[in-house]
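Tertiary structure, described
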Amino acid sequence: MRAEAIVVGAGIVGALAAYELRKRGLSLLLLDAGKEGAATPASAGMLAPYPEGLTGEVLEAALFGLRYYPGLLQELRGLGLEVEAGFAGTQVVALSQGEAEAWHAQEALPYPVRGGRGARTFPGGYVHPGALRQALLRALEAMETPLLHAEVEEVREGEVRGRWRGAPPGEPFAARARHLLLAVGAWGGRFGLGVRPLKGEALLLEGTPPPMPLFAGDGYLLPREGGVYVGPRGGRAGPRGWTSMGSGGLRTTPTSAFPGWREPGSGGSFGAIGRWGSFSWGRCRRASMRRWGTGGTGSSWPLGRRQGFWNSWG
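Residues numbered from 1 in each chain as written. Predicted model: local features only at pLDDT ≥ 70, side-chain atom pairs only at ≥ 80, totals over all residues. Heavy atoms only, no water.

1. Comments concerning the sheet that holds strand β7 (residues 125-127)
Reading across from one edge, β3-β7-β4 is the order of the 3 strands in this open sheet, with antiparallel pairing throughout. The outermost strands of the open sheet, each flanked by one partner alone, are β3 (46-47) and β4 (85-86). With 2 bridges joining them, β4 and β7 adopt antiparallel strand pairing. Each bridged residue has a counterpart across the sheet, and for Gly86 the counterpart in β7 is Tyr126. (Pairing = 2+ DSSP bridges. Helix = DSSP H or I, 4+ residues; strand = E, 2+ residues; numbered from the N terminus.)

2. Thoughts on the pairing of strand β9 (residues 159-164)
Each regular strand displays side chains that alternate between the two surfaces of the sheet. The sheet contact formed by strand β8 (residues 147-156) and β9 spans 6 bridges and is antiparallel. Bridge pairing in β9 links Val152 to Gly162. Joining the antiparallel neighbours β8 and β9 is a turn of 2 residues, in which Gly158 adopts a positive phi near 80°.

3. A few points about the sheet that holds β9
Taking strand neighbours around the barrel as the criterion, the 5 strands line up as β1-β2-β8-β9-β10 in a closed arrangement whose pairing is mixed. For this sheet the average axis-to-axis angle between neighbouring strands, irrespective of direction, equals 60°. Examined bridge by bridge, strand β1 (residues 2-8) and strand β10 (residues 172-182) share 6 bridges and lie parallel to one another. Looking at the pairing, Ile6 lines up with Leu180 of β10. Sitting on the sheet, helix α1 (residues 12-23) is in contact with β1, β2 (28-32) and β10, with an inclination near 170° to β2. (Axes fitted to C-alpha atoms, helices over the stretch in contact; angles between N-to-C directions. Contact = heavy atoms within 4.5 Å.)

4. Remarks on the side chain of Thr145
Tracing the backbone through its elements, the reader meets Thr145 in the loop between α4 (129-142) and β8. On the accessibility criterion, Thr145 (3% relative accessible area) is buried. Here the side chain of Thr145 touches Arg22 through a polar contact of 2.9 Å, side chain to side chain. Setting aside its immediate chain neighbours within four residues, Thr145 contacts Arg22, Leu28 and Leu140. (Buried < 20%, exposed > 50% of the residue type's maximum accessible area, 1.4 Å probe, protein only. Polar contact = N/O pair within 3.5 Å; in protein donor to acceptor, adjacent residues only side chain to side chain.)

5. A closer look at the pattern of salt bridges
Under the counting rule described, the total for this entry stands at 11 salt bridges. Across the pair Glu75 and Lys23 runs a salt bridge, and its minimum N-O distance is 3.0 Å. Here Glu75 is found in helix α2 (residues 56-78), whereas its partner Lys23 is found in helix α1, with 52 residues between them in sequence. Each of Glu154, Arg156, Glu159, Arg161 and Arg176 takes part in salt bridges that share partners, so that together they form one network. (Salt bridge = Lys/Arg side-chain N within 4 Å of Asp/Glu carboxyl O.)

6. So, the packing of α1 against α4
With their axes 9 Å apart at the nearest point, α1 and α4 run at an angle of 35° to one another. Helix-helix and strand crossings are classified by hand; for α1 and α4 the assignment is left-handed. Here Ile12, Ala15, Leu16, Ala18, Tyr19 and Arg22 of α1 come into contact with α4, specifically with Pro129, Leu132, Arg133, Leu136, Leu137, Ala139 and Leu140. For the contact of α1 with α4, the class distribution of residues is 11 nonpolar, no polar and 2 charged. (Left-handed = near helix turned anticlockwise from the far one by under 90°. Nonpolar A, V, L, I, M, F, W, Y, C, P; charged D, E, K, R; others polar.)

7. Notes on the environment of Gly227
With respect to the helices and strands, the residue Gly227 is situated in strand β14 (residues 227-232). When the C-alpha positions of Gly227 and Pro210 are compared, they lie 9.2 Å apart, and in sequence the two are 17 residues distant. Among all residues touching Gly227, those that are not within four sequence positions of it are Leu205, Gly207, Pro209 and Leu222.

8. Describing the environment of Val83
Along the chain, Val83 falls in the loop between α2 and β4. Residues in contact with Val83, not counting those within four places in the same chain, are Leu73, Leu76, Val127, His128, Ala131, Leu132 and Ala135.

9. Let's talk about the packing of α1 against α2
The relative placement of two packed helices comes down to the angle between their axes together with the axis-to-axis distance. Direction vectors running N to C along α1 and α2 enclose 70°, while the axes themselves pass 14 Å from each other. Between α1 and α2, the interaxial angle falls into the category roughly perpendicular. Of the residues in α2, those in contact with Leu16, Tyr19, Glu20 and Lys23 of α1 are Tyr68, Tyr69, Leu72, Glu75 and Leu76. Its residues assigned to classes, the contact of α1 with α2 comprises 6 nonpolar, no polar and 3 charged. (Parallel < 35°, antiparallel > 145°, perpendicular 65-115°, else oblique.)

10. Observations regarding unusual backbone geometry
One non-glycine residue, His104, lies in positive phi territory at about 55°. Tracing the chain through its elements places His104 in the loop between α3 (97-103) and β6 (118-122). With a relative accessible area of 52%, His104 lands in the exposed category.

Any functional reading would require information that these geometric values do not contain.
Below is the structure:
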């Protein structure tokens, strides 16, 4: 197989990269192994560059993403593809006088937060990662670039080799292209990229959502599918899948900060309706994306929370 570009990995990063390349007229192969524990299904999708403490070129890429996403979603809407999103901002709630002074948190609390001393709103928002990925894959299929189910095992300059995961499974394949993009997240280490896996877990709750993504203490909340998506800040290494330790941490985090949260069945105003565990990639010197080819200039693309950002370079 031959194409002008091959994108390995069809999470939100790979699907978005493939869509933009295809729009620019490049022939393209999009490959994905369908690994359990991929980051996109469990990603919060927050666009929160300032609460996340981003600086330098990472902050520049995140701010570019804030400008980029509304236009992208309007474009997809024109194709009949709706994606849940909001761009009203992101808020930090201070839980101590020191935090209030550090964040200049002088606004009224937008949502019940136990011990809240004030809030501050920053530019930002959120995008539903799973819905965005599905919309991009449908748009790519309409552009005659369907997702190919294959696991890449070897990457060389201008070539990838691996095995098909569809029917018949296990059959070897090879594909060549001038440009190769690796959007493989936590699995980047197998290709020599300086990344390490971080584990993330989240809950989707029934209840009244905050008006926008909200950070307080060690946790965050944001609107999702008419309910509340809740997760702890930061990540750690650990076993794949959902764990009782992760569940306990998630319950402790919102319970300590958000009065509306109660254990399911305890008579509180929230109940768990979904939960996920996934691996995402940890920070490295550059990122989990590389392009092999000649000529051209580097470019950056917008991503949301925990998808980080990536650059392509020659």
